[in-house]
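Structural description and commentary
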Amino acid sequence: MLILHTSDWHVGKVLKGNARAEEHIRVLNELVELCAAERPDLVIVAGDLYDTAAPGAESQRLVTRTLSALRKRAGAVVAIAGNHDNGAALEAHRGWAEAAGISLRGTISRDLVITGITDAGEPWRCAALPWLSQRYAVRATEMFDLTSAEADQLYADHVARLVRELTKDQTGDSVNLLTAHLTMVGGRMGGGEREAHTVAQYAVPTAVFPTSTHYVALGHLHRTQQVAGPTRVHYSGSPLAVDFGEADNQPSAVLVEVSPDTPAKVRSVPIKSARELRTVRGTLEELRALDTGDAWLRAYVSEKPRAGLREEAQSFLPNALEIRVDPAMLADARRAERAVRSGRSAKELFSSYLTEAGHDDPAVAELFDKIYTEMH
């Protein structure tokens, strides 16, 4: 059977105050087109459909339309909640989802195993494990009596018990799948994940997955990658870079070919519809000469701090969402200023402070001098 694995859509994401709705429409349309071209037997969306637990109406409309469009072009669709999603709210949409032929799982329940048969007659089983918070996994009363290490271990143990329960009925004559939204030991972060949910307390070893599972479709880490384990364990990565920390990641989805008696063959497919995130460095002259297209930019200016520097750079870098003085320039300025600080006047010291802070504005220095003179 053929599986399309995607995750971490983060619909509703805002980048430095700039909405990305148009990008998300293009990206999700590209996923639908990929689905139409490949006609997979199953689409798995491994969590974080939304960027926030309270998505707006337009975000909800885009997600539901995309899930419906994927279902029309695939044999089945399974989607789970991630840590950014409101699991209970997703559960509230299960009536609509089931009517549309979509298996949606938002919270832990007794019906997390989904089964089906492909058009070619291959049976499959998919254990769908939505995001599980530590607060849920480790009861509050237990937390008072546990050391930090014991609490960490208990979360992993709790996940392991759930996985064992969900996979206990796997058989050799079906394709056995599992999808979850987890931080795995050995997984590499993409750069834009929510830090509180990727720390050690949430790390789970891949040993929790049984060898009887043919493929584990993960969400949560935004970098496309395989994690070493007893079976095929993969993150699909996000289909668009969530922030500048992910500028080096290739947005993608994953196609998986597998049968009951053959191991999973995994192929990453680049998703190219989103605007590129680029970090650029140089003097104003060098930055002015760059061809940056429509990329979102983070610019570091290799010049000494001065009033109007940011505005000048913004005039020819309209897509720059961050413009800062290169930290190397600030470090050089700080070293030079600190070396000659002794015996200087209050006005000179305040001017040095403005330089070190990257706010070397003569008007501010003049105001300080006026106030200082009036007070003394």
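For the structure given in this document, a descriptive report is provided here. Everything numeric here is computed off the predicted structure, so don't read it as measured data.

Turning our eyes to something else, we now look at empty space enclosed by the protein. All chains considered together, the criterion is met by two cavities of 30 Å³ or more. Per-element tally for the lining of the largest cavity: the top contributor is helix α2 (residues 57-73), with three residues. Considering only residue class, the lining of the largest cavity consists of seven nonpolar, two polar and no charged. Taken together, His222, Thr224, Gly237, Ser238, Leu240, Ala241, Glu246, Asn249, Gln250 and Pro251 make up the lining of the second largest cavity. Classifying every residue of the lining of the second largest cavity gives three nonpolar, six polar and one charged.

Attention now goes to the environment of Glu58. Among the secondary structure elements, Glu58 is positioned in helix α2. Looking at Glu58, the relative accessible area reads 58%, which means it is exposed. Sequence-wise, Glu58 and Gly12 are 46 residues apart; in three dimensions their C-alpha atoms are separated by 8.4 Å.

This paragraph deals with a nonpolar patch on the surface. Together, Leu367, Ile371 and Met375 make up a nonpolar patch on the protein surface, roughly 320 Å² of accessible area in all. Take Leu367: it is sitting in helix α12 (residues 362-375).

Across the sheet, which stays open at both edges, the six strands sit in the order β7-β8-β9-β12-β14-β13 with mixed pairing between neighbours. Every other strand in the sheet has two partners, leaving β7 (113-117) and β13 (225-227) as the edge strands with one partner each. Ignoring which end each strand starts from, the neighbouring axes of this sheet average 25° apart. Pairing of β7 with strand β8 (residues 123-129) involves five bridges; the strand directions are antiparallel. Of the residues in β8, the one forming a bridge with Thr115 is Arg125.

Two faces make up the sheet, and in a regular strand the side chains alternate between them. Of all six residues in strand β19 (residues 320-325), five are buried, a share of seventy percent or more. Judged from the five bridges that link them, strand β18 (residues 296-301) and β19 form a sheet pairing that is parallel. Bridge assignment links Val301 to a residue of β19, and that residue is Val325. A crossover links β18 with its parallel partner β19, the connecting element being helix α9 (residues 309-316), and its sense is right-handed.

Moving on, we come to unusual backbone geometry. At Asp48, a position not held by glycine, the phi torsion is positive, near 55°. Residue placement: Asp48 occurs in the loop between β4 (42-45) and α2. Of note, the phi angle at His220 is positive, near 125°, even though the residue is not glycine. Among the structural elements, His220 can be located in the loop between β12 (215-219) and β13.

With that settled, consider α2. For α2, spanning 17 residues, the distance from its first C-alpha to its last is 25 Å, which sits close to the expected 24 Å at 1.5 Å a residue. Those residues of α2 that sit buried are Ser59, Leu62, Val63, Thr66, Leu67, Ala69 and Leu70. With its buried residues spanning 165° around the axis, α2 presents them on a single face. Within α2, the exposed residues directed more than 90 degrees away from the buried face are Ala57, Arg65 and Lys72. Elements in contact with the buried residues of α2: α1 (21-38), β4, β5 (77-80), α4 (94-99) and β6 (102-105).

Quick notes on the rules
All residue numbers here refer to positions counted from 1 along the written sequence of the relevant chain. With the structure being a predicted model, the display of local features is reserved for residues of pLDDT at least 70 and the display and counting of side-chain atom pairs for 80 or more, all residues being used for whole-chain, interface and lining totals. The basis for every side-chain value is the complete set of heavy atoms in the structure, and neither hydrogens nor water enter the calculation. A pocket here means an open set of points on a 1 Å grid, computed over the protein atoms alone, that has protein on both sides within 12 Å along at least five of seven lines. A cavity is instead a set of points where a 1.4 Å probe fits but cannot get out; residues with an atom within 4 Å of a point line either one. Grid points are joined across faces, edges and corners, and a volume is the space filled by probe spheres set on the points. Labels follow the DSSP assignment, with helices taken as runs of H or I lasting at least four residues and strands as runs of E lasting at least two, numbered in each case from the N terminus. Classes in brief: Ala, Val, Leu, Ile, Met, Phe, Trp, Tyr, Cys and Pro nonpolar; Asp, Glu, Lys and Arg charged; the others, Gly included, polar. For each residue, the accessible area found with a 1.4 Å probe, counting protein chains only, is set against the maximum for its type, and the residue is called buried under 20%, exposed over 50%, and partly exposed in between. Surface patches are defined over residues having more than 30% relative accessible area and no salt bridge, joining like charges when they lie within 9 Å and nonpolar side chains (Val, Leu, Ile, Met, Phe, Trp, Tyr) when within 5 Å. Only the protein chains shown count as covering a residue, and every accessible area follows the Shrake-Rupley method with a 1.4 Å probe. We define a salt bridge as a side-chain nitrogen of Lys or Arg found within 4 Å of a carboxyl oxygen belonging to Asp or Glu. Whether two strands pair depends on DSSP finding at least two bridges between them. Each axis is a line fitted through C-alpha atoms, and for a helix only the stretch in contact is used; angles between axes span 0 to 180 degrees, taken between their N-to-C directions. With strands facing away from the observer, any crossover in which the path from the first strand over the helix to the second runs clockwise is taken as right-handed. By this rule the span expected of a helix is its residue count minus one, scaled by 1.5 Å. Within this analysis, the arc is defined by the directions that extend from the helix axis to the C-beta atoms. Contacts are assigned to residue pairs that have any heavy atoms within 4.5 Å of one another.

Fair warning: the whole summary comes from geometry, so function is off the table for now.
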